[in-house]
Number of protein chains: 2
Amino acid sequence: MTDVVPWLETEQTPFLLIDQQRFLRNVERLQQRISALGCQLRPHLKTLRSIDAAGYLLPDLSSPATVSTLAEAEAFADAGYSNLLYAVGISANKLSRVRALLERGVQLHILLDSITQAEAVVDYGRNHGVSFSVFIEIDCDDHRGGLPPHSALIGRIAQLLHDNGMIVTGVMSHSGGSYSATTTAEIAQAAAQECAAIRLAAEQIRELGIDCPILSVGSTPTAHFAEDLSNITEVRAGVYTTFDLVMYNLGVCTLSDIAMSVVTTIIGHNAEKNWVLVDAGWMALSRDRGTASQNQDFGYGLVCDRNGVPLDNVCVTKVNQEHGVIALPDSRTVQDFPIGTQLRVLPNHACATAAMHQHYVVETTQHQREIWPRILGW
Amino acid sequence: MTDVVPWLETEQTPFLLIDQQRFLRNVERLQQRISALGCQLRPHLKTLRSIDAAGYLLPDLSSPATVSTLAEAEAFADAGYSNLLYAVGISANKLSRVRALLERGVQLHILLDSITQAEAVVDYGRNHGVSFSVFIEIDCDDHRGGLPPHSALIGRIAQLLHDNGMIVTGVMSHSGGSYSATTTAEIAQAAAQECAAIRLAAEQIRELGIDCPILSVGSTPTAHFAEDLSNITEVRAGVYTTFDLVMYNLGVCTLSDIAMSVVTTIIGHNAEKNWVLVDAGWMALSRDRGTASQNQDFGYGLVCDRNGVPLDNVCVTKVNQEHGVIALPDSRTVQDFPIGTQLRVLPNHACATAAMHQHYVVETTQHQREIWPRILGW
């Protein structure tokens, strides 16, 4: 085990640390997997929202990418990226920002799943002479938004868009249900179900004589366990770059794949209760309790020593705004955790933890310090 | 009911809205209450972390205030505020930033509850010729950090600091336990207990011939139900400026006192499930589930119509990063919630929701638009 690099010990806590070596390994792993299945990645950039990180995920500026806000779309467009899917259902009030990006030459695809939205897009497009590129959202597992793959509305929406000069670029589903799988076989099954749904939806549109060139599926779990991506154009995944404890519980990664941690300093003890207090509360860790419903509940995160080695059964058990409480297991005492010592906390949900930070401290493969700013807001 | 002001309808959603009229009423209410009890407020600025908001809370630049990070201390010092308590246990690695503020003429008080921290403060102070102003943290309800009020360590720490040229400015407790009260009588009881603890702790220090001029207590619930503040110097409270659903459940405020909401747009329906989808997920609302353990669970927030009128029993029931799901009660259908319509969501926990935003949109008392930036980071 390498000792902690000196600059890390003087960094002001709490801060979010990215291990670049693990990050690059995770990126490479999924790229190779999806390539080997004859498909292409459209990475979801919402986890880190970082221009620096995107450089490792996207082979070139026209590589497909996914975003969750128009703020990301605008920032990635400023950085030169030109093929972006805004994967949240569009509302009419956002179309002027979409139009501005299109006019800059960015292929920004929008998403919808209702006649009402399609009408709003058509109205705005015709009034402003814009031909929007649209994905229709398909619900593959009764999870969130989208139309069931057999719904007659899919064809009606595609026809409405097509007849009015809009482009039906693709169909898209998100296998959110895969997050509640209890075995990797269930994840593979969710992947098969997602692909079947999206093939069926595209078929309906193509039967109308409308192109629908892109079939887009994805979620980090299904991307890692899909077995057959035939006829699927692209796979979306986001949290795979850093992974987290939810993904560990799902069997998608090991603990030593997790490339994100929050570095914190011990600021107090309650010896009677066997509690250690740290300077990372929910402001630094987030309030996410994603592992609460899984086979192993890590509280607000699994604690590692200052070198990043996980401490068995030591979790952040309670958080306030700037305080974390680690209620120690009986096998340990507060004397093992001297005041002033650094610890690292692995996140339940990397997207939620990253969202609490304005930048990330990166330990590069050469153990140097880099700062990756986060794109903020909407 | 006034109709929604036109500029609010064109603001890009999601965004955090502050109702300045309610905000000012809440501020005035607690100022008057604490004055009437012969005491003084030291507002906790961590909820909004806003220079603009602070102007309404602090009568002048030397008024006492509380912060939860050194980033706040530095930003409020830049704005001219000069009497700040950093109310999180100090660690040695932060002392150089504290020193820099002291050298700028800011009275920045630090907090500790162990001999180890006191020794670190003394060491640093002697090495750099700095006399730190210290509060000792007292645990009044077995909740988080601090020493029990009868602990002999209180005197030992005070003596150690005093003998080595540091200033024992005060004792401080936070009645975190009041958040789990089920009646306002229990809150009043928690307030009495907190005051008793802090008086006892100060007594121990004064018996050593050490001044200890400030007796600081507080939490928003106890601040509103304390009956006797005799011998107490100051009361700290933070979330009282906007309140939230946790405070409503505790009986500290009414729904129409809540001055913070997240404005969101309806982006989809799932008619079969009776679900409405909105563009505010946990990125805008936070993952806080503070009402889950209270008498009324509001999910991820109580939904109001576009004018801010609460809709009985309509809550955000599930959140993803940029999606909120409102599973409607049987009494309502998705037709009552047209796609494209704005809604407002009252927060469970105002501190957590505000933390997800980089600025707040303020509807002033004159219904004009103001932007209050938030101080970010640590």
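The shown structure was predicted, so the numbers you read here are calculated from the model rather than taken from an experiment.

Enquirer: Would you mind showing me how to read the domain arrangement of chain A here?
Expert: A common way to report how large an interface is uses the accessible area buried once the components associate. Residues and elements named next belong to chain A. When its domains are assigned, chain A resolves into domain 1 (6–16 + 252–373) and domain 2 (44–237). Here the C-alpha centre of domain 2 lies 35 Å away from the C-alpha centre of domain 1. Residue-level contacts link ten residues of domain 1 with 14 residues of domain 2. Summed over both partners, the interface of domain 1 with domain 2 buries about 870 Å², with 68% contributed by carbon and sulfur atoms. The three residues of domain 1 that bury the most area against domain 2 are Val252, Cys351 and Trp372, which together make up 61% of that side's buried surface. The interface formed by domain 1 and domain 2 holds zero salt bridges in total. Counting across the interface, domain 1 meets domain 2 through one residue pair in polar contact (both at pLDDT 80 or more). At the level of elements, α12 (350–354) and β18 (369–373) are the ones that each hand at least two residues to the side of domain 1 that touches domain 2. Looking at the side of domain 1 that touches domain 2, its residues break down into nine nonpolar, one polar and no charged.

Enquirer: So what exactly am I meant to see when it comes to the packing of aromatic side chains here?
Expert: For any pair of aromatic rings, the description rests on two quantities: the centre-to-centre distance and the angle between the ring planes. Residue and element names in this part refer to chain A. By the definition in use, this model includes twelve aromatic pairs over all chains. With 6.0 Å between their ring centres and 25 degrees between their planes, Tyr56 and Trp372 make a pair best called stacked. Of the two residues, Tyr56 sits in helix α3 (residues 51–57) while Trp372 sits in strand β18, which places them 316 residues apart along the sequence. With a relative accessible area of 34%, Tyr56 lands in the partly exposed category. Exposure remark for Trp372: the relative accessible area of 0% places this residue in the buried category. Here Tyr124 and Phe132 contribute two aromatic rings whose centre-to-centre distance is 6.0 Å and whose plane-to-plane angle is 50 degrees, an arrangement assigned as tilted. Joined through ring pairs, the aromatic side chains of Phe23, Tyr56 and Trp372 make up one cluster. Here the basic side chain of Arg289 rests over the ring of Tyr300, its NZ or CZ set 5.5 Å away from the ring centre.

Enquirer: How should I be thinking about the nonpolar core in this particular structure?
Expert: Of all hydrophobic cores here, the largest spans 252 residues; its most connected members are Val121, Phe132 and Val171 of chain A together with Val121, Phe132 and Val171 of chain B. Those residues in contact with Val171 of chain A, other than ones at most four positions away along the chain, are Phe135, Ile136, Ile138, Ile198, Ala201, Ala202, Ile205, Cys212, Ile214, Leu215 and Ser216 of chain A.

Enquirer: Explain the pairing of strand β4 (residues 83–89) of chain B here, please?
Expert: On a regular strand, each side chain points to the face opposite its neighbour's, so the side chains alternate between the two faces of the sheet. Residues and elements named next belong to chain B. Most of β4 is tucked away: seven of the seven residues are buried. Relative to β4, strand β3 (residues 65–67) is paired through three bridges, and the arrangement is parallel. Bridged to Val67 within β4 is Tyr86. Of the crossover connections in this fold, the one passing from β3 over helix α4 (residues 70–78) to the parallel β4 is right-handed. Relative to strand β5 (residues 107–112), β4 is paired through four bridges, and the arrangement is parallel. Among the inter-strand pairings, Leu84 is bridged to a residue of β5, identified as Leu108. Following the chain from β4 across helix α5 (residues 95–103) to the adjacent parallel β5, one finds a crossover that is right-handed.

Enquirer: Before we go on, may I ask you to explain the relation of the copies chain A and chain B in this structure?
Expert: For the pair of chain copies, the relating operation is a rotation around an axis with a shift along it. The transformation that overlays chain A on chain B combines an axial shift of 0.0 Å with a rotation of 180 degrees, and the residual RMSD is 0.0 Å. Each copy turns onto its partner about a two-fold axis. Considering only C-alpha atoms, the part of chain A nearest the rotation axis is Arg287 of chain A, at 2.6 Å. Both copies share a contact surface, since 100% of the interface residues of chain A are interface residues in chain B too.

Enquirer: Can you walk me through the interface of chain A and chain B in this structure?
Expert: Contacts between the two partners involve 53 residues from chain A and, on the opposite side, 53 residues from chain B. For the pair chain A and chain B, the summed buried surface comes to about 4600 Å²; carbon and sulfur atoms form 52% of the total. The largest contributions to the chain A side of the interface with chain B come from Gln12, Arg144 and Trp378 of chain A, which together make up 17% of the buried area. On inspection of chain A and its partner chain B, the count reaches eight salt bridges. Asp279 of chain A is paired through a salt bridge with Lys94 of chain B; the nearest N and O atoms lie 2.6 Å apart. Here chain A and chain B share 27 residue pairs in polar contact (both at pLDDT 80 or more) between them. Put simply, the parts of the chain that give the side of chain A that touches chain B at least two residues each are β4 (83–89), α6 (115–128), β10 (260–270), β11 (275–278), α11 (282–285) and α12 of chain A.

Enquirer: I'm lost on the pattern of salt bridges in this one. Help?
Expert: Opposite charge on two side chains permits them to pair, given that their charged atoms come into close proximity. Evaluated as defined, the whole model comprises 30 salt bridges over all chains. Linking Glu322 of chain B and Arg49 of chain A is a salt bridge whose minimum nitrogen-to-oxygen distance equals 3.9 Å. Of the two residues, Glu322 of chain B sits in the loop between β14 (318–319) and β15 (324–327) while Arg49 of chain A sits in the loop between β2 (40–41) and α3, which places them in two different chains. Classification of Glu322 of chain B as buried rests on a relative accessible area of 4%. Across the pair Asp257 of chain B and Arg29 of chain B runs a salt bridge, and its minimum N-O distance is 4.0 Å. One end of the pair, Asp257 of chain B, is in the loop between α10 (245–250) and β10 (260–270); the other, Arg29 of chain B, is in helix α2 (residues 20–36), with 228 residues separating them in the sequence.

What counts and how
- Residues numbered from 1 in each chain as written.
- Chains lettered and ligands numbered in written order.
- Predicted model: local features only at pLDDT ≥ 70, side-chain atom pairs only at ≥ 80, totals over all residues.
- Heavy atoms only, no water.
- Domains from an automatic or database assignment.
- Contact = heavy atoms within 4.5 Å.
- Buried area = accessible area lost by both parts, 1.4 Å probe.
- Salt bridge = Lys/Arg side-chain N within 4 Å of Asp/Glu carboxyl O.
- Polar contact = N/O pair within 3.5 Å; in protein donor to acceptor, adjacent residues only side chain to side chain.
- Helix = DSSP H or I, 4+ residues; strand = E, 2+ residues; numbered from the N terminus.
- Nonpolar A, V, L, I, M, F, W, Y, C, P; charged D, E, K, R; others polar.
- Phe/Tyr/Trp six-rings, centres within 6.5 Å; stacked < 30°, edge-to-face > 60°.
- Buried < 20%, exposed > 50% of the residue type's maximum accessible area, 1.4 Å probe, protein only.
- Lys NZ or Arg CZ within 6 Å of the ring centre and 35° of its normal.
- Core = buried A, V, L, I, M, F, W, Y, C linked by side-chain atoms within 4.5 Å.
- Pairing = 2+ DSSP bridges.
- Right-handed = clockwise from strand over helix to strand, strands pointing away.
- Least-squares fit on C-alpha atoms with pLDDT ≥ 70 in both.

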